[in-house]
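# Geometric and topological summary
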Amino acid sequence: MLIKQKKSSDIASSEITSKSVFMNRRHFIQAAAASGLIGSIMTPDMADASALSGVGKTPYGKGLTPTDQKLVTSYNNFYEFGTSKDDPVDAAREFKAKPWKVTIDGEVGKPGDYNFEDLVSPHKLQERIYRLRCVEAWSMVVPWVGIPLADMLARVEPTSKAKYVAFETLHDPEQMPGQHRRVLKWPYVEGLRMDEAMNPLTLMAVGLYGEELPNQNGAPIRLVVPWKYGFKSIKSIVRISLTEKMPPTSWNRSAAREYGFYANVNPEVSHPRWSQAKERIIGEGYFSAKKETLMFNGYSEEVAGLYTGMDLSKYY
Ligand SMILES: Nc1nc2c(c(=O)[nH]1)N[C@H]1C(S)=C(S)[C@@H](COP(=O)(O)O)O[C@H]1N2
Ligand SMILES: [Mo]
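In this report, we go over the structure that sits alongside the text. (Residues numbered from 1 in each chain as written. Chains lettered and ligands numbered in written order. Predicted model: local features only at pLDDT ≥ 70, side-chain atom pairs only at ≥ 80, totals over all residues. Heavy atoms only, no water.)

### Considerations on the overall build of the chain
For the chain, the count of helices and strands is 10 helices and 12 strands. Each of the 316 residues in the chain was classed as buried or not, and the buried ones make up 52%. Element-wise, carbon and sulfur atoms account for 53% of the exposed surface of the chain, whose accessible area totals about 15,000 Å². (Helix = DSSP H or I, 4+ residues; strand = E, 2+ residues; numbered from the N terminus. Buried < 20%, exposed > 50% of the residue type's maximum accessible area, 1.4 Å probe, protein only. Areas by Shrake-Rupley, 256 points an atom, 1.4 Å probe, with all protein chains shown as cover.)

### Details of empty space enclosed by the protein
If a probe as big as a water molecule is rolled over the atoms, it shows which places are left empty. This structure, assessed with the given rule, holds 4 cavities of 30 Å³ or more. Volume-wise, the largest cavity comes out at about 370 Å³. Along the wall of the largest cavity there are 24 residues; nearest its centre are Asn77, Phe78, Arg222, Gly230 and Lys235. For the lining of the largest cavity, the secondary structure elements donating two or more residues are strand 3 (126–134) and strand 4 (138–148). Element by element, the count of residues in the lining of the largest cavity is highest for strand 4, at 4 residues. When the residues that make up the lining of the largest cavity are grouped by side-chain class, the tally is 15 nonpolar, 6 polar and 3 charged. Taken as a whole, the second largest cavity spans an internal volume of roughly 210 Å³. Taken together, 19 residues make up the lining of the second largest cavity; nearest its centre are Tyr229, Ala263, Asn264, Tyr315 and Tyr316. Of the residues in the lining of the second largest cavity, the class split is 11 nonpolar, 6 polar and 2 charged. (1 Å grid on protein atoms, 1.4 Å probe; cavity = no way out; pocket = protein on both sides within 12 Å on 5 of 7 lines; lining within 4 Å. Points joined across faces, edges and corners; volume = space filled by probe spheres on them. Nonpolar A, V, L, I, M, F, W, Y, C, P; charged D, E, K, R; others polar.)

### Quick notes on the packing of aromatic side chains
Scanning all chains against the criterion turns up 15 aromatic pairs. Between the aromatic rings of Phe81 and Phe95, the centroid separation amounts to 5.6 Å while the plane-to-plane angle is 80°, which identifies the pairing as edge-to-face. Of this pair, Phe81 sits in the loop between helix 4 (69–72) and helix 5 (87–91) while Phe95 sits in the loop between helix 5 and strand 1 (101–106), and the two are 14 residues apart along the sequence. With a centroid separation of 5.5 Å and 15° between ring planes, the pair formed by Phe296 and Tyr307 is classed as stacked. Residue Phe296 is found in the loop between strand 12 (291–292) and helix 10 (300–303), and its partner Tyr307 is found in the segment after helix 10; the two are separated by 11 residues along the sequence. On the accessibility criterion, Phe296 (2% relative accessible area) is buried. (Phe/Tyr/Trp six-rings, centres within 6.5 Å; stacked < 30°, edge-to-face > 60°.)

### Examining the site of ligand 1
Neighbouring residues of ligand 1: 19 residues in total, closest Asn76, Tyr79, Glu80, Ser233 and Lys235. Here an oxygen atom of ligand 1 and a side-chain polar atom of Asn217 are 2.9 Å apart. Within the side chain of Arg222, an N or O atom sits 3.0 Å from an oxygen atom of ligand 1. Burial of ligand 1 by the surrounding chains reaches 99%, relative to a free accessible area of 540 Å². (Near = heavy atom within 4 Å. Polar contact = N/O pair within 3.5 Å; in protein donor to acceptor, adjacent residues only side chain to side chain.)

### A look at the sheet that holds strand 10 (residues 237–243)
Across a sheet, paired strands are connected by hydrogen bonds in the backbone, their directions being either parallel or antiparallel. Taken in spatial order, the 5 strands make up an open sheet running 2-1-10-5-6, and their pairing is mixed. In this open sheet, the two strands that pair with only one neighbour each are strand 2 (112–115) and strand 6 (189–193). Pairs of neighbouring strands in the sheet enclose a mean axial angle of 20°, with direction left out of account. (Pairing = 2+ DSSP bridges. Axes fitted to C-alpha atoms, helices over the stretch in contact; angles between N-to-C directions.)

### Overview of unusual backbone geometry
Pro99 follows Lys98 through a cis peptide bond whose omega is -5°. Examined against the element boundaries, Pro99 turns out to sit in the loop between helix 5 and strand 1. Look at Tyr209: it is not a glycine, yet its phi comes out positive at around 50°. By the secondary structure assignment, Tyr209 is in the loop between strand 7 (203–208) and strand 8 (211–212). By relative accessible area, Tyr209 is classed as buried at 17%. Look at Ser236: it is not a glycine, yet its phi comes out positive at around 45°.

### Focus on the pattern of salt bridges
According to the stated counting rule, one finds 12 salt bridges in the structure shown. Shared partners join several salt bridges into a network, and the residues in it are Arg133, Glu279 and Lys291. (Salt bridge = Lys/Arg side-chain N within 4 Å of Asp/Glu carboxyl O.)

### Comments concerning the side chain of Thr202
Within the fold, Thr202 resides in the loop between helix 8 (194–198) and strand 7. For Thr202, a relative accessible area of 0% translates into the label buried. A distance of 2.7 Å separates a polar side-chain atom of Thr202 from the backbone oxygen of Glu196. Apart from residues lying up to four places away in sequence, Thr202 is in contact with Ile147, Pro148, Leu149, Leu192, Glu196, Ala197, Leu223, Val224, Val225 and Trp227. (Contact = heavy atoms within 4.5 Å.)

Pasting the structure below:
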């Protein structure tokens, strides 16, 4: 991770474009919709073919301003589609996220290969506006749409032996060109402790900005764990296994000294190669002031209790 730092000459034009340009465009569309003008101003690229319906609003995310949609969907980490931030949006364009199956196995009463629709449709979708803090010391705010992982797991009936949840991304080098390169051992794998998985904040996201998840953001279904560094939030999941033992995780397996299993956001514990005290805000420009990183990425109230008795000054 952080294989190369961006030089100022590498900054994507979308990052330099001021937020107000994007916001004005959005407001224009909203105002036009409200005035009934939308029919005549809609152009095909503005048409919203993949809007999700029946999304419930929840109190999560009060006071947060989402990062512009254009940036959320064009500044990505998804090494299966290349290691540069602007690779995935292009390289994942033809990715087939439908049809999709997720195998759920291990310590569950109801193991099986579940169709994406069967997994998702019994649940009401919720919007969750969460901070996303990458271990590379940048952050954004994303309005996800999804289902609490706890609700999804309840339906497959975890046994009393289930202590961890392991996740696996699709392995398909034909579709995921980055998997031809050995930057990581494929497939990408991640894991949570059972109580972390059951925490109400932990989300299985199927959308963002009210629309189906774009391929570059982990279509059709990905994990979102907002109090941990972004690499825990594994994309394009094809397997969920409930296990007795702590499962291996990709970045820990690749560089154990630099990435732990827990990977909780902690401004006081530095990465071996850089400080985690501050973060660069995506959308505010490369040279604008950094923001202080918050313990557990600002979710202490909800999750600090999961780690009582654990020495948080230690690197996990
Ligand atoms: N399968 C897979 N999942 C992944 C990654 C990846 O390379 N492969 N990158 C992670 C990292 S480092 C981050 S910061 C987030 C980025 O999510 P976003 O592109 O939707 O913002 O996805 C995470 N999930
Ligand atoms: Mo990340």
